[in-house]
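A structural walkthrough
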Amino acid sequence: MSTLTGKVALITGASRGIGRAIALALAKAGAAVYLAADGTREELSAVAAECRAYNAFCRAEFGLFDLGNADDVQLMVDAAILSLGRVDILVNNVGYFEVKPFADI
């Protein structure tokens, strides 16, 4: 039995990079995963398929959200809970980059 079997993880920024790697690792460890990002449906669908390939029993769902918008954050949480029943693990991996003077950040 995997160490995270029965757990549900919500991963933001899951369409690529570190978020994708974390999603794959959690799926491999047995967790169900809800993938959230502002990328494309194709990117998230591909990561969900990879998660299922690591673990044939993995439940992998996804949604596109603008996590700079409070309403979308609530929609994301609601969607994850509706899809997978609850959230046991939260990985806040969403990234934001804007070029401006340090003092203005």
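See the structure printed just above.
Structural notes, computed from the coordinates. Nothing here was measured: the structure is a model prediction, and the numbers come from that model. (Residues numbered from 1 in each chain as written. Predicted model: local features only at pLDDT ≥ 70, side-chain atom pairs only at ≥ 80, totals over all residues. Heavy atoms only, no water.)

**Focus on the sheet that holds strand β3 (residues 60–64)**
- Here 4 strands make up an open sheet; going across it, the order is β3-β2-β1-β4 and the pairing parallel. With one partner strand each, in any of the chains shown, β3 and β4 (89–91) form the two edges of the open sheet. The sheet shows a mean angle of 15° between the axes of neighbouring strands, direction not considered.
- Here 5 bridges tie strand β1 (residues 8–12) to strand β2 (residues 32–37), and the two strands are oriented parallel to one another. Considered in β2, the bridge of Thr-12 is made with Ala-36.
- Along the sheet, helix α1 (residues 17–28) contacts β1, β2 and β4; its crossing angle with β1, the most-contacted strand, is approximately 170°. (Pairing = 2+ DSSP bridges. Helix = DSSP H or I, 4+ residues; strand = E, 2+ residues; numbered from the N terminus. Axes fitted to C-alpha atoms, helices over the stretch in contact; angles between N-to-C directions. Contact = heavy atoms within 4.5 Å.)

**A few points about the side chain of Asn-55**
- Locating Asn-55 in the fold gives a position in the loop between α2 (41–54) and β3.
- Given a relative accessible area of 15%, Asn-55 falls into the buried group.
- When sequence neighbours within four positions are dropped, the list of residues in contact with Asn-55 reads Ala-27 and Gly-30. (Buried < 20%, exposed > 50% of the residue type's maximum accessible area, 1.4 Å probe, protein only.)

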